[in-house]
Amino acid sequence: MAQAIRQEVAKGVAECVSRGVQPGLAVVLVGADAASQLYVNSKGKACLEVGMHSETIRLPTETTETELLALVDRLNTDPAIHGFLIQLPLPKHIDESRVLLRINPEKDVDGFHPVNVGKLVVGNPTAFRPATPYGVQQMLIRAGIESKGAHAVIVGRSNIVGKPMASMFLQDAPGGNATVTVCHSRSRDLPSITRLADILVVAIGKPEFVTRDMVRPGAVVIDVGINRVPDAGNAKGYRIVGDVAYGPVAEVASAITPVPGGVGKMTIAMLLLNTLQAAQQSRLSV
Ligand code: NDP
């Protein structure tokens with residue numbers, strides 16, 4: 001599915017280029033966090049593969065908030081850049097929310113600016129939808145899994161995954177019209193709630209937390225989690241697992257996403273789609 005979306009984006013990019021606009025994405029990385037470096041490299045590579053202009057801006061950890069805000073101001077008005085994102089987390093001395101607020105909402109392809117959050121909630125189609133829940137929704141649609149009338153239970157309420165996922169499921173639109181329950185670390189008797197799910201989306205960052213007894217037989221299980229667990233048998237000394245105990249849960253679920261190779265594959269594809277959307281919307285507004 002991710003591959004199909006990338007091909008669709010490449011077609012859209014070619015169409016933009018034929019009209020004289022090459023969609024461009026800039027990714028800003030502050031500091032040397034290893035996982036972030038990996039994501040940033042993948043994003044740059046994926047852009048080039050679909051024919052987009054790509055800029056990766058790496059700044060040292062000591063970068064001040066003022067310097068970062070100046071860069072945001074530059075990208076906000078750079079005509080070659082239709083979308084950009086600041087890779088999170090930022091070093092502690094920089095106020096993340098102040099930086100996110102400074103991004104021009106029309107270029108906010110991560111969809112974290114309050115203007116895009118609000119647009120998503122009210123169902124405005126020009127909203128940029130955060131890539132991870134957007135990818136989950138596309139997976140369900142493309143797999144022919146009907147959310148209309150289903151009970152979607154989301155475990156995790158982050159601004160990046162859980163909350164936008166809930167907004168998407170609530171919309172009166174394809175991939176929406178679900179009855180939505182959102183759980184978090186203070187939810188009482190979590191298993192009794194997850195067992196009510198027709199579609200269970202888990203995004204908590206706890207390795208193999210969701211066990212077989214927490215899933216109703218026949219449910220669809222989407223595992224967003226990416227966790228490193230020690231593994232002496234692996235050359236790297238660790239392996240990647242999700243938030244769901246895949247093997248046992250797969251025995252009862254009607255469909256389940258693996259980790260790695262599931263939701264993670266969709267995320268960058270959706271970021272590319274958002275960047276294409278940004279370029280198309282900017283052409284409309286010219
Ligand atoms: P956050 O840490 O921001 O949020 C975690 C959420 O899970 C919080 O709402 C927290 O509740 C809730 N939670 C934690 N423990 C429990 C528990 N025991 N029972 C119920 N709820 C719990 O995480 P993110 O949303 O950013 O990420 C979640 C996972 O998804 C991580 O593993 C991350 O690596 C992965 N991820 C994967 C992506 C992909 O592309 N596949 C993209 C983004 C994230 P509370 O609010 O009460 O603290």
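What counts, and at which threshold
- Each chain has its residues counted from 1, following the order in which its sequence is written.
- Reporting in this predicted model follows two pLDDT cut-offs: at least 70 for local features of residues, and 80 or more for side-chain atom pairs to be given and counted; totals over whole chains, interfaces and linings ignore these cut-offs and use all residues.
- To obtain the side-chain values, all non-hydrogen atoms of the structure were included, while hydrogens and water were left out.
- Where each domain starts and ends follows an automatic or database-derived domain assignment.
- Should DSSP find at least two bridges between two strands, the strands are taken to pair.
- By the criteria applied, helices consist of DSSP H or I runs no shorter than four residues and strands consist of E runs no shorter than two, each listed in order from the N terminus.
- A contact between two residues is defined here by any heavy atoms of the two lying within 4.5 Å.
- Fitted lines through C-alpha atoms give the axes, limited to the stretch in contact for helices. The angle between two N-to-C directions lies from 0 to 180 degrees.
- Within this document, salt bridges are pairs made up of a side-chain nitrogen of Lys or Arg and a carboxyl oxygen of Asp or Glu, the two lying within 4 Å of each other.
- Throughout, exposure labels follow a simple rule: accessible area from a 1.4 Å probe, protein chains only, divided by the maximum for the residue type, with under 20% read as buried, over 50% as exposed, and the rest as partly exposed.
- For each residue, the test is whether any non-hydrogen atom lies within 4 Å of the molecule or strand; if one does, the residue is near.
- By the criterion applied in these results, polar contacts are pairs of N or O atoms within 3.5 Å in which, for protein atoms, one can donate a hydrogen and the other can accept it, and in which residues neighboring in sequence qualify only through two side-chain atoms.
- Each accessible area value is a Shrake-Rupley result obtained with a 1.4 Å probe; residue values ignore everything except the protein chains displayed when judging cover.
- Between rings of Phe, Tyr and Trp, where Trp is taken as its six-membered ring, a pair exists when centres lie within 6.5 Å; planes separated by under 30 degrees are stacked, by over 60 edge-to-face, and by other angles tilted.
- Two thresholds decide whether a charge sits over a ring: the Lys NZ or Arg CZ must be within 6 Å of the ring centre and within 35 degrees of the ring normal.

Caption draft 1: How the structure looks around the domain arrangement of the chain. By domain assignment, the chain separates into domain 1 (20-104) and domain 2 (131-264). Computed over C-alpha atoms only, the centres of domain 1 and domain 2 are separated by 28 Å.

Caption draft 2: Molecular detail of the sheet that holds strand β4 (residues 151-155). One open sheet accounts for 5 strands, arranged β5-β4-β6-β7-β10; its pairing is parallel. Only two strands of the sheet have a single neighbouring strand rather than two, namely β5 (179-183) and β10 (255-256). Lying over the sheet, helix α7 (residues 162-170) contacts β4, β5 and β6 (199-202), oriented at roughly 170° with respect to β4.

Caption draft 3: Molecular detail of the pattern of salt bridges. Summed over all chains, the structure comprises 11 salt bridges. E65 serves as the salt-bridge partner of R98, at 2.6 Å between the closest nitrogen and oxygen. One end of the pair, R98, is in helix α4 (residues 96-102); the other, E65, is in helix α3 (residues 65-77), with 33 residues separating them in the sequence. Taking the relative accessible area as the measure of exposure, R98 reaches 46% and is therefore partly exposed. Ionic contacts of the salt-bridge type, sharing partners, join the residues R6, K45 and E49 into one network.

Caption draft 4: Up close: the sheet that holds strand β3 (residues 83-86). Pairing is parallel across the open sheet formed by 3 strands, whose spatial order is β2-β1-β3. Edge positions in the sheet fall to β2 (53-59) and β3, since each of these pairs with one other strand and no more. Sheet twist, expressed as the mean angle between neighbouring strand axes with direction ignored, is 10°. Two strands pair when backbone bridges link them, and strand β1 (residues 24-30) and β2 are joined in this way by 7 bridges, in the parallel orientation. The residue bridging A26 from the neighbouring strand is E55, located in β2. Where helix α2 (residues 34-49) meets the sheet, its contacts fall on β1, β2 and β3, and the angle it forms with β2 comes to roughly 160°.

Caption draft 5: Region of the structure containing the side chain of T132. Structurally, T132 is set in helix α6 (residues 131-142). Those residues in contact with T132 that lie beyond four places of it in its chain are V161, V224, V263 and T267.

Caption draft 6: Summary view of the site of the ligand. Taken together, 22 residues are adjacent to the ligand, and R157, S158, S185, K206 and T267 come closest. The contact in question runs from an oxygen atom of the ligand to an N or O atom on the side chain of S185, over 2.5 Å. Side-chain polar atom of T267 to an oxygen atom of the ligand: 2.8 Å apart, as the coordinates give it. Coverage of the ligand by the protein amounts to 71% of the 930 Å² it exposes when considered alone.

Caption draft 7: Fine view of the packing of aromatic side chains. With the rule as written, the count across this model stands at 0 aromatic pairs. Looking at R228, its charged tip hangs above the ring of Y238, at a distance of 4.1 Å from the centre.

Caption draft 8: A look at unusual backbone geometry. P89 follows L88 through a cis peptide bond whose omega is 5°. If you trace the backbone, P89 turns up in the loop between β3 and α4. Omega for the peptide link from V259 to P260 comes to -5°, which places this bond in the cis form. You will see that D189, though not glycine, has its phi angle at about 50°, which is positive. Mapping D189 onto the fold places it in the loop between β5 and α8 (190-194).

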